[in-house]
Amino acid sequence: MLTPSIRERLESQIRGRVVYGEPLDKYTSFGIGGPADIMVFPEGAADVRAALRLCREEGVPYLVLGGGSNLLVRDGGFRGVVLHLEGVFTQLNVEGNRVWAGAGVRLSRLVAFCSKLALSGVECLAGVPGTVGGAVRGNAGAFGGSIADHLVAVRLLTSEGDEHVFSRDRMEFSYRRSSLPEGCVILEAAFDLEQGDTGEIRRRISANLVQRNRGQPVEWRSAGSVFKNPPGEYAGRLVEKVGLKGVRVGGACISPKHGNFIINLGGATATDILALIDLMQRQVREKMQVELELEVRVVGED
Ligand SMILES: Cc1cc2nc3c(=O)[nH]c(=O)nc-3n(C[C@H](O)[C@H](O)[C@H](O)COP(=O)(O)OP(=O)(O)OC[C@H]3O[C@@H](n4cnc5c(N)ncnc54)[C@H](O)[C@@H]3O)c2cc1C
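Keep in mind it's a predicted model, so treat the numbers as computed, not measured.

Q: Talk me through the packing of helix H1 (residues 4-13) against helix H2 (residues 45-58); I want residue IDs and the actual numbers.
A: Taken N-terminus to C-terminus, the directions of H1 and H2 make an angle of 165°; their axes are 10 Å apart at the nearest point. On the basis of the axis angle, H1 is roughly antiparallel to H2. The element H1 and its partner H2 pack so that their crossing is right-handed. Contacts between H1 and H2 involve Ser5, Ile6, Arg9, Leu10 and Gln13 on the former and, on the latter, Ala50, Ala51, Leu54 and Glu58. The residue makeup of the contact of H1 with H2, split by class, is five nonpolar, two polar and two charged.

Structural data, given as structure tokens:
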């Protein structure tokens, strides 16, 4: 499927590195994932646009990769082009109470930047790994808030490579979901924040971090919550009720600390993780009559 033509065309049309057979475990918080056929490290929007157009013309699938903290890449890797966005689009600009953040900005940096300016509204994201782009795509959130709460605009490229600015009224967000076009690449997002008190903001951030460190196995590699919480329930509590906490398959384990986290104890494969996912879904379905829906995105080949 990957013709010499797409290689040549990518290399000639794109600024930035193009590498072949790059192992994706280096780029995921699970530390798991087989190789990508082609991995592109674009230097700017023009490179992303060119890559999207080439993939379209050549019929090659692509995957947008931010911080890799919500992804399980299967052991066979990804057949197609991975667009690596972390490290590009890292600009942070402020005009009054409005902050424009590049898609590659780490959430921790966004939270610290806003706190320094006494701008309140993103504290709930303290401790959430990953980038602004990945967080907007999946409407990341915690402690009753989410990134969509103060989001007012998103600049993106469609899968055709066309650039648009979506204002808030053109986007819908719900629990861990956004209505942004399938296959789009988010370049930048704007947030209208509230003027607050730096001390108060810092206190909220610390409280969130303390609670996160107390309740989550942050010392282990994971991809955060494996499943979305079903309405009125917690996925972790259901997994605990069916007695699966601490269960291991290969190098993977359902965290004894939090039933909705699968952790990599070292050397876990995607196959191990998927076996645990299947076990959790089956037992919760059979014993609790609840269908657990994945929050983690699973990509790639077995
Ligand atoms: C310890 C731990 C704790 C976590 N806690 C939370 C939490 O409290 N709340 C929460 O919501 N999540 C949490 N997560 C999950 C994860 O951090 C978030 O989902 C985060 O927003 C993912 O961002 P990312 O940049 O890593 O995205 P990736 O994992 O790289 O990608 C996730 C999805 O977004 C897409 N994507 C990434 N960047 C872009 C872009 N620029 N344009 C278009 N699409 C893009 C990818 O194609 C993929 O479909 C946690 C993860 C870990 C490891």
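Q: Provide a residue-level description of the domain arrangement of the protein, including the pertinent values.
A: Per the domain assignment, the segments of the protein are domain 1 (4-84), domain 2 (92-215) and domain 3 (235-299). Across the contact, 13 residues belong to domain 1 and 13 residues belong to domain 2. Top element by residues in the side of domain 1 that touches domain 2 is H2. It accounts for six residues. Residue classes in the side of domain 1 that touches domain 2 are distributed as five nonpolar, five polar and three charged.

Q: Describe in detail the sheet that holds strand S2 (residues 35-42), supporting the description with residues and values.
A: Pairing is mixed across the open sheet formed by four strands, whose spatial order is S1-S2-S5-S3. Edge strands, defined here as strands with exactly one partner in the open sheet, are strand S1 (16-23) and strand S3 (62-65). Taking the axes of each pair of neighbouring strands and ignoring which way they run, one obtains an average angle of 25° across the sheet. Two strands pair when backbone bridges link them, and S1 and S2 are joined in this way by seven bridges, in the antiparallel orientation. Within the sheet, the bridge partner assigned to Arg17 lies in S2 and is Phe41.

Q: With reference to specific residues and values, describe the site of the ligand.
A: In the vicinity of the ligand lie 33 residues, with Gly66, Gly130, Gly133, Gly134 and Gly224 positioned nearest. Of all the secondary-structure elements, those providing two or more residues to the shell around the ligand are S3, helix H4 (132-138), strand S9 (141-142) and strand S15 (185-192). Here the shell around the ligand gets five residues from one element, more than from any other, and that element is H4. Per-class residue counts for the shell around the ligand are 16 nonpolar, 15 polar and two charged. When residues of the shell around the ligand are assigned to domains, at least three map to each of domain 1 (4-84) and domain 2 (92-215).

Q: Before we move on, could you go through the pairing of strand S12 (residues 163-167) and cite the residues and values that matter?
A: Bridge count between strand S11 (residues 151-157) and S12: five bridges; the pairing is antiparallel. Pairing of Val154 across the sheet is with Phe166, part of S12. Linking S11 to S12, which pair antiparallel, is a turn of five residues; within it Gly161 sits at a positive phi near 90°.

Criteria and cut-off values
Residues numbered from 1 in each chain as written. Predicted model: local features only at pLDDT ≥ 70, side-chain atom pairs only at ≥ 80, totals over all residues. Axes fitted to C-alpha atoms, helices over the stretch in contact; angles between N-to-C directions. Helix = DSSP H or I, 4+ residues; strand = E, 2+ residues; numbered from the N terminus. Parallel < 35°, antiparallel > 145°, perpendicular 65-115°, else oblique. Left-handed = near helix turned anticlockwise from the far one by under 90°. Contact = placed C-beta atoms within 7 Å. Nonpolar A, V, L, I, M, F, W, Y, C, P; charged D, E, K, R; others polar. Domains from an automatic or database assignment. Pairing = 2+ DSSP bridges. Near = placed C-beta within 6 Å.

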